[in-house]
Amino acid sequence: MLHGQKIVVVMPAYHAEKTLAECHAAIPHDIVDEVLLVDDASDDATLEVARQLGIRSHRHRVNRGYGGNQKTCYRLALDAGADIVVMLHPDYQYEPRLITAMAAMIASGVYDVVFGSRILGNTAIAGGMPRYKYVFNRMLTAFENLVIGAKLSEFHSGYRAFSRRVLESLPLAVNSDDFVFDNQMLVQAHAFGQRIGEISCPTRYFPEASEINFRRSVVYGLGVVRTALSYRLWKWGLHRSRLFSTDPGDRLDARPVDAQ
């Protein structure tokens, strides 16, 4: 705990058997109260490794996608009584030791959302990020900052921490089950006035790390553009998007967990 707040780390997993143990070992367990893993119907030993490590684990009966996996992760974390939830990919691409700093930024009451930025500190290319992804990242981030009126170093990091209030209040249940879920969630946080903080985070790119291919990257990029434009039209009162719904039925706690 930090400042009396329960910290839960969630790990959305898919084919993570080779990296999970090393990633889990680097988590600062002295301040983390619980680790939850949701396996998205992997056909490897991810679930077995997680249970051997003593991680509270769940498995989707069918693959629900990266966004669908996160929805289950956050529901389970809320059910577990988390005050602060940190999402950590089990592929060991992000640095688990930064959990303490990220959680502290929220526990202090200064921020509601914190993410590890690969751009701050110029570590992305040095860590092995493909150059075309780096260029796409910079272009999409510049576009989103302009369209939604933010000043973030990037919108595409998968290393994030949230207060309980954020997860309970955002309409996350209507978000995509694909990779653009991350982007939609960050734009929603901005739209509803959540305080967003960043911390520099070195990343590792290696064969076992999860990575979407060029085609999926293009699909993701188009989704990012669509999300930003939806926000701007919603902000101008020209479009009623469910991404920015205030209906309680569009929140995560209104839907059941499909995991075993």
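Before going into details, it helps to say that this report is about the structure given with it. Please read these numbers as outputs of a predicted model, since none were measured by experiment.

**Some thoughts on helix α5 (residues 131-148)**
Think of an α-helix as turning once every 3.6 residues; residues three or four places apart then point the same way.
Alright, step 1. The end-to-end C-alpha distance of α5 is 26 Å, a good match for the 26 Å that 18 residues give at a rise of 1.5 Å each.
Alright, step 2. Every buried residue of α5 is accounted for by Lys133, Asn137, Leu140, Thr141, Glu144, Asn145, Val147 and Ile148. Looking down the long axis of α5, one finds its buried residues gathered within 165 degrees of arc, a one-sided arrangement. In α5, the exposed residues that point more than 90 degrees away from the buried face are Arg131, Met139 and Leu146.

**Topic: the packing of α5 against helix α8 (residues 214-235)**
Alright, step 1. Put simply, α5 and α8 touch, their axes get as near as 9 Å, and they point 10 degrees apart. Looking at the two axes, α5 sits roughly parallel to α8. Facing α5, whose interface residues are Tyr132, Lys133, Phe136, Leu140, Phe143, Glu144, Val147 and Ile148, α8 presents Phe214, Ser217, Gly221, Val224, Val225, Ala228, Leu229, Tyr231 and Arg232.
Alright, step 2. Residue composition of the contact of α5 with α8, by class: 12 nonpolar, 2 polar and 3 charged.

**Describing unusual backbone geometry**
Alright, step 1. We note that Ala41 has phi near 60 degrees; this positive angle belongs to a residue other than glycine.
Alright, step 2. Structurally, the position occupied by Ala41 is in the loop between β2 (34-39) and α2 (46-52).

**Looking at the pattern of salt bridges**
Alright, step 1. Enumeration according to the criterion identifies 12 salt bridges in this entry.
Alright, step 2. Ionic pairing is found between Lys71 and Asp177, a salt bridge with its closest N-O pair at 2.8 Å. With a gap of 106 residues between them, Lys71 in helix α3 (residues 65-79) and Asp177 in the loop between α6 (164-169) and α7 (181-191) connect regions that are remote in the sequence.
Alright, step 3. Linking Arg195 and Asp112 is a salt bridge whose minimum nitrogen-to-oxygen distance equals 2.9 Å.

Definitions and limits used
Residues numbered from 1 in each chain as written. Predicted model: local features only at pLDDT ≥ 70, side-chain atom pairs only at ≥ 80, totals over all residues. Heavy atoms only, no water. Helix = DSSP H or I, 4+ residues; strand = E, 2+ residues; numbered from the N terminus. Expected span 1.5 Å × (residues − 1). Buried < 20%, exposed > 50% of the residue type's maximum accessible area, 1.4 Å probe, protein only. Arc of directions from axis to C-beta. Axes fitted to C-alpha atoms, helices over the stretch in contact; angles between N-to-C directions. Parallel < 35°, antiparallel > 145°, perpendicular 65-115°, else oblique. Contact = heavy atoms within 4.5 Å. Nonpolar A, V, L, I, M, F, W, Y, C, P; charged D, E, K, R; others polar. Salt bridge = Lys/Arg side-chain N within 4 Å of Asp/Glu carboxyl O.

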